[in-house]
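These are the residues of each chain, in order.
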Amino acid sequence: MSQPLGSLGIVSPSVPEIEIRRSARRRRTVSAYRDGDRVVVLIPARFTAAEERHWVEAMLTRLERQERRRRPSDADLSERAAELSDRYLDGRARPVSVAWVDNQNRRWGSCSPGEGAIRLSSRLRGMPAWVVDYVLLHELAHLVEQNHSPRFWALLAAYPRTERARGYLEGYSSASAGAAPEADQPFDDIESA
């Protein structure tokens, strides 16, 4: 059954509708997921109205927290950039701006060292945090070393998941393109197919 959130005593502009599915087979567990603009909450059939309200609110809070972690804002990216710069680049990279962009279809990230601007493709949203961190650190390193010289790669060597993140992005790009990458094409930049 779908209910407006207001009827449950919950006010949230980001979730206009909630669907509660009761199941006699479900004994103790509660789960929730997004389905478009709607949130579906799965609960045991025996729950009282008060328990239903409690669990719907708890699951909405949990979903919002998970989504914030998976989809950081521009401000979150800026804060993370400062942390990564301090930890891996001795604070030498200080971008003027860090932002998500929707117009990067072939690159995961880009940097304009003269402007101090870093842009990350919105396609990265929802990927593991260590992958986003790698792309962000890659772009931060361009503020210190503008090309892909050995000095540039030495800056990234301190990040323990560099090779794993590069492999993840390369695999994702290959799967998205529907073809295996050519053996003679190095994965030197943060680009995708």
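The structure displayed is predicted, hence computed values, not measured ones. (Residues numbered from 1 in each chain as written. Predicted model: local features only at pLDDT ≥ 70, side-chain atom pairs only at ≥ 80, totals over all residues. Heavy atoms only, no water.)

S.K.: So, unusual backbone geometry: which residues are in play, and what are the values?
M.R.: Residues other than glycine seldom take positive phi values, yet D90 does so here, at roughly 55 degrees. As for its position among the elements, D90 is in the loop between α2 (74–88) and β5 (97–101). With relative accessibility at 66%, the residue D90 sits in the exposed group. (Helix = DSSP H or I, 4+ residues; strand = E, 2+ residues; numbered from the N terminus. Buried < 20%, exposed > 50% of the residue type's maximum accessible area, 1.4 Å probe, protein only.)

S.K.: How would you sum up α2? Please name residues and give values.
M.R.: Across its 15 residues, α2 extends 21 Å between first and last C-alpha, which sits within 8% of the 21 Å expected from 1.5 Å per residue. Regarding α2, the residues found buried are L77, A81, L84, S85 and Y88. Buried residues of α2 fall within an arc of 100 degrees about the axis and therefore sit on the same side. With respect to the buried face of α2, the exposed residues turned more than 90 degrees away are A75 and R87. On its buried face, α2 is in contact with β5, β7 (117–121), α3 (129–144) and α4 (150–156). (Expected span 1.5 Å × (residues − 1). Arc of directions from axis to C-beta. Contact = heavy atoms within 4.5 Å.)

S.K.: Summarise the pattern of salt bridges; cite the residues concerned and give the values.
M.R.: A side chain of one charge can pair with a side chain of the opposite charge if their charged atoms are brought near each other. Applying the stated criterion across every chain, the model contains 7 salt bridges. It is possible to trace a salt-bridge network through shared partners that takes in E19, R21 and R38. (Salt bridge = Lys/Arg side-chain N within 4 Å of Asp/Glu carboxyl O.)

S.K.: Any chance you could break down the nonpolar core for me, citing the residues and the numbers?
M.R.: For soluble globular proteins, nonpolar side chains are generally found buried alongside one another. Grouped together as the largest cluster of nonpolar side chains are 29 residues, with contacts concentrated most on L120, L124, L136, L137, L140 and L169. Other than its neighbours up to four places away in sequence, L136 contacts L77, R80, A81, L84, V98, I118 and L120. In terms of nonpolar packing, the next biggest core, distinct from the first, is built from 12 residues, I18, V39, V56 and L63 among them. (Core = buried A, V, L, I, M, F, W, Y, C linked by side-chain atoms within 4.5 Å.)

S.K.: Requested: an account of helix α5 (residues 162–177), with residues and values cited.
M.R.: The terminal C-alpha atoms of α5, which comprises 16 residues, lie 22 Å apart, in line with the 22 Å expected from a rise of 1.5 Å per residue. All buried positions along α5 are accounted for by T162, A165, R166, L169, S173 and S174. End-on view of α5: buried residues confined to an arc of 165 degrees, all on one side of the axis. Among the exposed residues of α5, those pointing more than 90 degrees away from its buried face are E163 and A175. Looking at the buried side of α5, the elements it contacts are α3 and α4.

S.K.: Requested: an account of the environment of G91, with residues and values cited.
M.R.: Following the sequence through the fold, G91 ends up in the loop between α2 and β5. Between the C-alpha atoms of G91 and L140, which are 49 residues apart in sequence, the distance is 10.0 Å. Those residues in contact with G91 that lie beyond four places of it in its chain are S85 and D86.

S.K.: Talk me through the confidence of the model for the protein; I want residue IDs and the actual numbers.
M.R.: Taken residue by residue, the protein gives an average pLDDT of 83. The fraction at 70 or more is 81%. Residue range residues 1–13 is modelled with pLDDT below 50. Its contacts to residues more than four positions away, or to other chains, number 29 contacts. Ignoring residues within four places in sequence, the model shows residues 179–189, a span with pLDDT below 50, making 15 contacts including any to other chains. (pLDDT = per-residue confidence, 0-100.)

S.K.: Summarise the packing of aromatic side chains; cite the residues concerned and give the values.
M.R.: In the structure shown here, the tally under the stated rule is 4 aromatic pairs. Taken together, a centroid distance of 5.3 Å and an interplanar angle of 90 degrees make the contact between Y88 and Y159 edge-to-face. Taken together, the positions of Y88 in helix α2 and Y159 in the loop between α4 and α5 put the pair 71 residues apart, joining distant regions of the chain. Classification of Y88 as buried rests on a relative accessible area of 14%. Residue class for Y159 comes out buried when judged on its relative accessible area of 6%. Where W130 meets Y168, the ring centres are 5.7 Å apart and the plane angle is 75 degrees; that geometry is what we call edge-to-face. Highlighted residues: W130 in helix α3 and Y168 in helix α5, separated in sequence by 38 residues. When its relative accessible area of 15% is taken as the criterion, W130 is described as buried. Directly above the aromatic system of W108 lies the positively charged group of R123, at a separation of 4.1 Å from the ring centroid. A cation sits over an aromatic face here: R164 above W130, 4.3 Å from the ring centre. (Phe/Tyr/Trp six-rings, centres within 6.5 Å; stacked < 30°, edge-to-face > 60°. Lys NZ or Arg CZ within 6 Å of the ring centre and 35° of its normal.)

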